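# Descriptive analysis of the structure
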There are 2 protein chains.
Amino acid sequence: MAYPQETFTRTILSEGSLIARRRNAVASKTLFYQLKILKETGRYDAFRLRPHPSYDDPPVVWPIPNHILWESDVAKWIEGACYLLRDWKDPAVDSAVQELVDMIRGSILEDGGLNVHNTMVALGQRFTNLRDLHELYNAGHLIEAALAHNDFYQHNDLLDPILKYVELLCRTFGRDTERGQIPGYPGHPEIELALLRLYHRTRDPKHLKLAKFFITERGNPVGIYGRHYFRFEAHQRGENPHAILPSSGEPDALWYYQAHKPLVEQQTIEGHAVRAIYLLAAAADLVRLDPTSNAGLKDAVYRLWDNMVECKMYVTGGIGAVKQWKGFGPNYFLPQGTDEGGCHAETCAAIGVMMLAERILQYDLDRRFSDIMELSLYNAVLTSMSHDGTKFTDVNQLASSDQDPSKRDAWTASACCPANLLRLLGQIGGYVYTQTEEYPHQVNVHLYVPSAYEFTSGNKPATLYQTTTWPWEGKVVFGLSTISPLVTVSLALRIPGWATNWQLDPSPPSNDLQNGYLILSAEWLSDNRSFSLSIDISPRLVTPHPLTNQDTIAVVRGPVVYCVEDVDNPWVEDHFKTTLLDKESYFAEKLVDDETTGEYYVALSTKGARMLKTEGIRAYPSVPFDEAAKLDSSNIRELNFVPYFFKANRGGRGQARVGLRRWHDDL
Amino acid sequence: MAYPQETFTRTILSEGSLIARRRNAVASKTLFYQLKILKETGRYDAFRLRPHPSYDDPPVVWPIPNHILWESDVAKWIEGACYLLRDWKDPAVDSAVQELVDMIRGSILEDGGLNVHNTMVALGQRFTNLRDLHELYNAGHLIEAALAHNDFYQHNDLLDPILKYVELLCRTFGRDTERGQIPGYPGHPEIELALLRLYHRTRDPKHLKLAKFFITERGNPVGIYGRHYFRFEAHQRGENPHAILPSSGEPDALWYYQAHKPLVEQQTIEGHAVRAIYLLAAAADLVRLDPTSNAGLKDAVYRLWDNMVECKMYVTGGIGAVKQWKGFGPNYFLPQGTDEGGCHAETCAAIGVMMLAERILQYDLDRRFSDIMELSLYNAVLTSMSHDGTKFTDVNQLASSDQDPSKRDAWTASACCPANLLRLLGQIGGYVYTQTEEYPHQVNVHLYVPSAYEFTSGNKPATLYQTTTWPWEGKVVFGLSTISPLVTVSLALRIPGWATNWQLDPSPPSNDLQNGYLILSAEWLSDNRSFSLSIDISPRLVTPHPLTNQDTIAVVRGPVVYCVEDVDNPWVEDHFKTTLLDKESYFAEKLVDDETTGEYYVALSTKGARMLKTEGIRAYPSVPFDEAAKLDSSNIRELNFVPYFFKANRGGRGQARVGLRRWHDDL
């Protein structure tokens, strides 16, 4: 096994396909655009340790200084660049990476300290506000950058200073308070999963120990002198115990940080979605790396995964219903947009869902994880970037409103998402195929993406080819090329949970699935080096769980969730609030080669849409039943759908919606 | 014209009817119980100006000291007592009122200052935090107590010190900053409506001027030295500009106080519901008392009323969808309970709706105001008290949840609502009938309540009798008794907007309604001193506005909204989330003489309820359409309804719901 950050090099994406085009867009546009922004804003030079005027700016999100996330922005850019440089060698990117690395090397303090804010702005305040100041979050991203850098450049220019910094962290954090250790953990998890990756590389038990400490100590109600660490720390800082951060809306909001109780005791997934999902991704990795670490941890990961997917996830795979804390609301509270009372569905959180799914798949090959991984990729992650890699969203609502129209913006401010997308797409090939420690002689195919996967069969190089136009067509042709005549590995092909009709040609010995994967033995493969999987991806109608009280229909085709937007439905004036969809609707499919964007996709249309007649309906405050919800029967519309991830690419007025209200016969 | 606080004495409620029983309950139970609590908690003795240990308690709602509302609690109790003492003379209550008045008199400072907190706790901080510290709110309640006290005792023992305090306020507040005036206004409106009542009594233009100043200055973005007053004041206090109060969730949340812009510019009703509604009640009164005061104010009152009723009011008449700030959410965001994402529907806010409706009815006799007044009374106000006047709710959700079960609590803490209910029920007769300044020779009948109304016909005393069991039956028999043979007044009977069938017997000359009121001329009345109005109050089904996305049905009978609760439907386990109601349901009506409570009401039942089968439906995260929302057809239930206001009176497990999901034929 290894991480997608490492294994992606084995996957060669075929030119021209959707995922390859997006990766190409970030390599040719986003990477340079973000570098320009890093330079313009001062981030690029931050590690030179010179004063910057913006250090005095008032914090946008008090009390977190605006520049506090600069290091993670830089680190994610380095990480993404190191993934992309393999396929797009560029001297400007290469020298920027080297210059950044030199600056980072030069900025490290004698004791291993490595944090611009602590060195330049808040001298003497190191590790005094773990809850808010993102020092450990930044450290985590620096570790990940260093690993990627080491992989690509094959030297330790970045890894060395980072390891020195990690040494400081290993000395500093732990339960040994008598020897001056701090029994604290970061307000924003991230370093945990980075440390586990680092441990996987170094096998230094200190790295495992620190990650495990951060994960298991979190939420300890009596972590230090009988008090919760975050409360203790806040008291030490002299913080007003009534102080409220904008993101939580109440004082002492430990749940916002998933620190209200130890992870093993948490029954539902709560708080800030990115924090929660990064923590779970790390916990899942700890379960794999150190199975004896904590009996309850594995259960907790499953329990919180199930709670998330079944009760707190949008049909797009997005998570985070509550805008205020960019996180989870009560079970089944899933408003589609601002004027329904919420919806944040942050890009980084969706990326985190993919990370978590991938981590679990390493020890539990079950399509209930990979189905969600694919759903999130196409609908909660890809949605966040314009087709050409120049505009982004952090928030991915399912319905627009006048307050929050459907649009993307250039990357400017302290947004964490675009750089996260950069590094995800850089390593995306690593999510397509895995080979696990438990079954090293099996190649698991999670995603259908035109590509070649290089692996080893009987110590000889081998390649698995996928040829497909997925997600636009459901047929995937596989070809297996080995040097030795004998195939020594089996294949596991994910058959999506939504696939009611599928077939393999030639037929396998058995169509039985193991947790949703079709296992093709080495023996069968030896005789069948070319075969095709055909999955019926006809449009299907889905609905959120009935307890969401969202009596809506969403249209899905294969893994792709669709939406309507005003560009194709120019008559819309109300963000499709009163557009009703018949559950018996027939959908025409049309392959579109879009002129404006040069993109290629399948559009859907149906003639079955009715309009709810709300004009003249005034509530005082209720409406007599007979007067409510009349159909405007003169007004039957053709409705045109595009993939949700493709919305806001062709201009328009910012009106879009995924879940359409259901038309009932008896309205 | 006069205010209900004054005119209620003309209405004699008939013994034994619902409203009379509730008024009796507060007079015989609540009044004494609250007095006991006032004494036990220190509130009673606060005006003695002695230190109290609780003054040092940490604030529950930071930064507002817990005792800051004590004065309003005492004032509302005095006010309520003065209304109730007329009908229930009680020496203990009488002497408690007198002792409190003596203490208040004794606590006033030489300069007119009258505030326990400023005198005992925060010396020198008077009027330095108008936004939070409720000094002016308390002053308003003291004014209202003084007016009620003056009316009942016919002397000025309380009014004198209060007038002295008001003199101080008139000197202190205003635009004349050069002469040291403070151009501020209260964070919690209330004094405005009290000052207008005071002006109506005193005709002292200073009182009108101050009320008008508070109302029109509010929200001025450049009120002092080019800054918003609340921002200026916070800066002066050295408040961290990022400080967030628990109630708003963001810094600088002027909208929470309805101070984000001047009232005349506000397009939608926002923020804390009680504050908003008190402010509007005062504005409506200012429109009447000083029609030239501000051209836009009348429009603003109508605009915000319409926005509230049509887009932000529950079918019960409750307002305030967002729990965090006890106030308004986006238009049409009306979740029924906590696990749907909100619902506060505070009792005080509903009382405020009645106050606002009553104020507007003084200059605009239109049933769109009185319909809501009646709706709020029965469903959003009466709901807040147990049948016997011993238990209360501040929050009136439409659906229970495990987190927030349906129950009432004893009055203990700093809850404003129970004392507000006490004073409302004390004066409730004043809401039944009005005579306005514009049409003094017309008696308007807004509510059907068994009662007698004493008025003047041709300078001779006259009485209008209502005999009815409303709201249980729709027939109201009127009798007019005058000394002179000639009747000189007309009557206006409200025909509720929901009444599709009604008739007057004997027939009036015309059934034409004027803004929903049937006008019976003095001439017709001279010939018809007894007549009856019959309104069809058959159960009817209503639904919230379709844009609420609440595809629910609520059952209403006359003005009474019904609910289901577990006591009558013991099989329920899920707070009726999966109970579906057929829009064609037939409702059996049954007059119940309840043994447990001694209460008398009409219960409803229907056999048409179906159960949604959610068992086994798991979202990943969507549900294929065919698998969702299946009916459990073996499971057709009889559903038993009780009036919503009657819920939680007979024990049970705290499960209740108003709006039931609609059963569609094509589920």
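Residues numbered from 1 in each chain as written. Chains lettered and ligands numbered in written order. Predicted model: local features only at pLDDT ≥ 70, side-chain atom pairs only at ≥ 80, totals over all residues. Heavy atoms only, no water.

### Re the overall build of chain A
What counts, and what does not: A run of H or I in DSSP counts as a helix once it spans at least four residues, and a run of E counts as a strand once it spans at least two, with each numbered from the N terminus. Taken over C-alpha atoms, the radius of gyration is set against a globule rule of 2.2 Å times the number of residues to the power 0.38. Each residue is assigned to one of three classes by its accessible area relative to the maximum for its type, calculated with a 1.4 Å probe on protein chains only: buried under 20%, partly exposed between the two thresholds, exposed over 50%. Areas reported here follow the Shrake-Rupley algorithm with a probe of radius 1.4 Å; residue values treat only the protein chains shown as occluding. For the charge count, each Lys or Arg is scored as positive and each Asp or Glu as negative, with His and the chain ends excluded. Every charge is mapped to an atom, namely NZ of Lys, CZ of Arg, CG of Asp or CD of Glu.
The helix and strand inventory of chain A stands at 17 helices and 21 strands. The C-alpha atoms of chain A give 25 Å as radius of gyration, which agrees with the globular expectation for 667 residues (26 Å, within 12%). Scored against the burial criterion, the 667 residues of chain A give a buried share of 66%. For chain A, the exposed surface amounts to about 23100 Å²; the carbon and sulfur share of it is 49%. Charged side chains in chain A number 66 positive and 82 negative. The centres of these two groups are separated by 1 Å.

### Some points on the nonpolar core
Counted only if it meets this: For the purposes of this section, nonpolar cores are sets of buried Ala, Val, Leu, Ile, Met, Phe, Trp, Tyr and Cys residues that join through side-chain atoms within 4.5 Å. We call two residues in contact when some of their heavy atoms are within 4.5 Å.
Within the largest apolar cluster, 448 residues are counted, with the highest numbers of intra-cluster contacts made by Trp77, Met308 and Leu493 of chain A together with Trp77, Met308 and Leu493 of chain B. Each residue touching Trp77 of chain A, except ones within four places of it in the same chain, is listed here: Leu31, Gln34, Leu35, Leu38, Val93, Ala96, Val97, Leu100 and Leu422 of chain A.

### A short note on the packing of helix α3 (residues 70-84) of chain A against helix α15 (residues 417-426) of chain A
Residues and elements named next belong to chain A. Quick reminder of the rule: A fitted line through C-alpha atoms represents every axis, and for helices the fit uses only the stretch in contact; the resulting angles, taken between N-to-C directions, go from 0 to 180 degrees. Orientation categories follow fixed angle ranges, with anything under 35 degrees roughly parallel, anything over 145 roughly antiparallel, 65 to 115 roughly perpendicular, and all other angles oblique. Two helices crossing with the near one rotated counterclockwise from the far one by less than a right angle form a left-handed crossing, whereas a clockwise rotation gives a right-handed crossing. Under the scheme applied, nonpolar residues are Ala, Val, Leu, Ile, Met, Phe, Trp, Tyr, Cys and Pro; charged residues are Asp, Glu, Lys and Arg; polar residues are all the others, including Gly.
Orientation of α3 relative to α15, taken along the N-to-C sense of each, is 25°, at an axis distance of 8 Å. On the basis of their axis angle, the class for α3 and α15 is roughly parallel. The handedness of the crossing between α3 and α15 comes out as left-handed. Here α3 contributes Lys76, Trp77, Glu79, Gly80, Tyr83 and Leu84 to the contact with α15, which in turn contributes Ala419, Asn420, Leu422, Arg423 and Gly426. By residue class, the composition of the contact of α3 with α15 is five nonpolar, three polar and three charged.

### Considering the domain arrangement of chain A
Residue and element names in this part refer to chain A. The cut-off we apply is this: The split of the chain into domains comes from an automatic or database domain assignment. Using a 1.4 Å probe, buried area is obtained as the accessible area two parts lose upon being combined, added over both of them. The working definition used for a salt bridge is a side-chain nitrogen of Lys or Arg within 4 Å of a carboxyl oxygen of Asp or Glu.
In terms of domain boundaries, chain A breaks down into domain 1 (42-243), domain 2 (267-431), domain 3 (442-535) and domain 4 (540-663). Here the C-alpha centroids of domain 1 and domain 2 sit 22 Å apart. Listed as interface residues are 29 residues of domain 1 and, on the opposing side, 29 residues of domain 2. Area buried by domain 1 at its contact with domain 2 is led by Lys76, Leu193 and Ile215, which between them contribute 23% of it. Counting the contacts that link domain 1 with domain 2 gives three salt bridges. Notably, a salt bridge pairs Arg423 with Glu144, separated by 3.4 Å at the nearest N-O pair. Where the side of domain 1 that touches domain 2 is concerned, the elements lending two or more residues are α3, α6 (135-153), α8 (191-202) and α9 (205-217). Counted by class, the side of domain 1 that touches domain 2 contains 11 nonpolar, seven polar and 11 charged residues.

### Structural notes on the UniProt feature "domain: Non-reducing end beta-L-arabinofuranosidase-like GH127 middle" (unreviewed entry) in chain A
Cut-off, in case you're wondering: UniProt positions are given in the numbering used here, feature names are shortened, and annotations may be inferred rather than shown by experiment.
The UniProt entry lists residues 442-527 of chain A under the feature "domain: Non-reducing end beta-L-arabinofuranosidase-like GH127 middle" (unreviewed entry), expressed in the numbering used here. For residues 442-527 of chain A, helix accounts for 7% and strand for 50%, while the C-alpha atoms at its two ends are 17 Å apart.

### Describing the relation of the copies chain B and chain A
Our working definition: A residue counts toward the fit only if its pLDDT is at least 70 in both copies, and the copies are then superposed by least squares on the C-alpha atoms of those residues.
At an RMSD of 0.0 Å, chain B and chain A line up after a rotation of 180° and a shift of 0.0 Å along the axis. When the rotation and shift are considered jointly, the pair of chain copies conforms to a two-fold rotation axis. No C-alpha of chain B lies nearer the rotation axis than that of Gly249 of chain B, which sits 2.1 Å from it.

### Thoughts on the pairing of strand β3 (residues 442-445) of chain B
Residues and elements named next belong to chain B. Here is the rule we go by: When DSSP finds two or more bridges between a pair of strands, those strands are recorded as paired.
Residues Gln442 and Asn444 point to one face of β3 and Val443 and Val445 to the other, with burial holding for every one of them. The pairing of strand β2 (residues 433-434) with β3 spans two bridges and is antiparallel. Bridge assignment links Tyr433 to a residue of β3, and that residue is Val445. Judged from the four bridges that link them, β3 and strand β7 (residues 490-494) form a sheet pairing that is parallel. Directly across from Val445, in β7, lies its bridge partner Leu493.

### What about the pattern of salt bridges?
Under the definition given, this model contains 86 salt bridges over all chains. Close ionic contact of Arg197 of chain B with Glu144 of chain B constitutes a salt bridge, the shortest N to O distance being 3.7 Å. One end of the pair, Arg197 of chain B, is in helix α8 (residues 191-202); the other, Glu144 of chain B, is in helix α6 (residues 135-153), with 53 residues separating them in the sequence. Classification of Arg197 of chain B as buried rests on a relative accessible area of 0%. With its nearest N and O atoms 3.3 Å apart, the salt bridge here joins Glu437 of chain B to Arg288 of chain B. You can see Glu437 of chain B sitting in the loop between β2 and β3 and its partner Arg288 of chain B sitting in helix α11 (residues 273-289), a full 149 residues away along the chain. One salt-bridge network, in which partners are shared between bridges, spans Glu6, Glu79, Glu144, Asp151, Arg197, Arg201 and Arg423 of chain A.

### Observations concerning the sheet that holds strand β11 (residues 530-535) of chain B
All names here are of chain B. The strand order across the open sheet formed by six strands is β1-β4-β5-β6-β11-β8, and the pairing between neighbours is antiparallel. On the outer flanks of this sheet lie β1 (11-13) and β8 (502-505), each paired with one strand and no other. Averaged over all adjacent pairs, the angle separating strand axes in this sheet is 20°, with direction ignored. Both strand β4 (residues 451-457) and strand β5 (residues 460-468) contribute to a ladder of seven bridges, which runs antiparallel. Looking at the pairing, Tyr453 lines up with Leu464 of β5.

### Topic: α8 of chain B
Turn by turn, an α-helix covers 3.6 residues, leaving residues three or four places apart pointing in a common direction. Residues and elements named next belong to chain B. Rules: Expected helix span is given by 1.5 Å per residue-to-residue step, counting one fewer step than there are residues.
With 12 residues, α8 extends 16 Å from end C-alpha to end C-alpha; this agrees with the ideal 16 Å at 1.5 Å per step. Burial of α8 is extensive: 10 of the 12 residues sit out of reach of the surface. For α8, the complete set of buried residues consists of Ile191, Glu192, Leu193, Ala194, Leu195, Leu196, Arg197, Leu198, Tyr199 and His200. In the stretch just after α8, Arg203 is the one whose phi turns positive, near 55°.

### Brief notes about unusual backbone geometry
All names here are of chain A. Of the consecutive residues Trp470 and Pro471, the connecting peptide bond is found in the cis state with omega at 10°. Of note, the amide linkage connecting Asp505 to Pro506 takes the cis form, showing an omega dihedral of 0°. With respect to the helices, strands and loops of the structure, Pro506 is situated in the loop between β8 (502-505) and β9 (513-514). Unusually for a residue other than glycine, His134 sits at a positive phi of about 60°.

### Things to note about the sheet that holds strand β10 (residues 517-520) of chain A
Residue and element names in this part refer to chain A. Spatially, five strands are ordered β2-β3-β7-β10-β9 in an open sheet, and the strand pairing comes out mixed. Every interior strand has two partners, whereas the edge strands, β2 (433-434) and β9, have only one. Sitting on the sheet, helix α14 (residues 367-381) is in contact with β7 (490-494), β9 and β10, with an inclination near 60° to β7.

### Topic: the environment of Ser95 of chain A
Convention followed: Each polar contact in these results corresponds to two N or O atoms within 3.5 Å; when the atoms are within protein, one needs to be able to donate a hydrogen and the other to accept it, and residues that are neighboring in sequence are counted only if both atoms are side-chain atoms.
Along the chain, the position of Ser95 of chain A falls in helix α4 (residues 91-107). A distance of 3.2 Å separates a polar atom in the side chain of Ser95 of chain A from the backbone oxygen of Ala92 of chain A.

### Regarding the interface of chain B and chain A
Contacts between the two partners involve 58 residues from chain B, matched on the other side by 58 residues from chain A. Summing both sides of the interface, chain B and chain A together bury roughly 5000 Å²; the carbon and sulfur share of this comes to 61%. When the buried area of chain B at its contact with chain A is split by residue, Pro621, Phe625 and Asp666 of chain B rank highest and sum to 15% of it. Counting across the interface, chain B meets chain A through two salt bridges. Residue Glu310 of chain A pairs with Arg618 of chain B through a salt bridge whose shortest N-O separation is 2.5 Å.

### Re the environment of Gln435 of chain B
All names here are of chain B. With respect to the helices, strands and loops of the structure, Gln435 is situated in the loop between β2 and β3. Taking relative accessible area as the criterion, Gln435 reaches 14% and is therefore assigned buried. Taking the C-alpha atoms as reference points, Gln435 and Leu245, separated by 190 residues in sequence, lie 43 Å from one another. A distance of 2.7 Å separates a polar atom in the side chain of Gln435 from a polar atom in the side chain of Tyr453.

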